[in-house]
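# A structural walkthrough
The lines below spell out each chain.
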Amino acid sequence: GFGPIRATATKTDTWPVVGIEGLAEATKVFPHVPVVAIGGLGEVDAAALAAAGAAAMAVISAARGDTAEAVEAKTRALCEAWRKAST
């Protein structure tokens, strides 16, 4: 896991925010290490993260919902965004 990419509401004791630029640098420095981006991410971030070289993205808040159906829909949307971005 590499991050936080941006500030997150789920944790208060994190390392400093590294941003997409920091992620891109990490993937260049360690090209053979699968880097998983984490920290304040959502569906709209998939393309930028994939372009920066992330192997995957980890989320918490972006997959939350009031019902199991809402969580499933959000998770499916996240997976689809990542699939499109990383192919």
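Just above, that's the structure.
Only a predicted model underlies this, so the values are computations on that prediction, with no experimental measurement involved. (Residues numbered from 1 in each chain as written. Predicted model: local features only at pLDDT ≥ 70, side-chain atom pairs only at ≥ 80, totals over all residues. Heavy atoms only, no water.)

What follows concerns the overall build of the chain. Within the chain, the regular secondary structure consists of 3 helices and 2 strands. Going from the N terminus to the C terminus, the chain shows its helices and strands as α-β-α-β-α. In terms of overall dimensions, the chain has C-alpha extents of about 40 × 35 × 15 Å along its principal axes. In the chain, once contacts between residues fewer than 6 apart in sequence are set aside, the share between residues at least 24 apart is 47%. Accessible surface for the chain amounts to roughly 5600 Å². Of this, 60% is attributable to carbon and sulfur atoms. The distance from the centre of the 8 positive side-chain charges to the centre of the 9 negative ones in the chain is 2 Å. (Helix = DSSP H or I, 4+ residues; strand = E, 2+ residues; numbered from the N terminus. Contact = heavy atoms within 4.5 Å. Areas by Shrake-Rupley, 256 points an atom, 1.4 Å probe, with all protein chains shown as cover. Lys, Arg positive; Asp, Glu negative; His and termini not counted. Charge placed at Lys NZ, Arg CZ, Asp CG, Glu CD.)

Nothing here speaks to function; it is geometry throughout.
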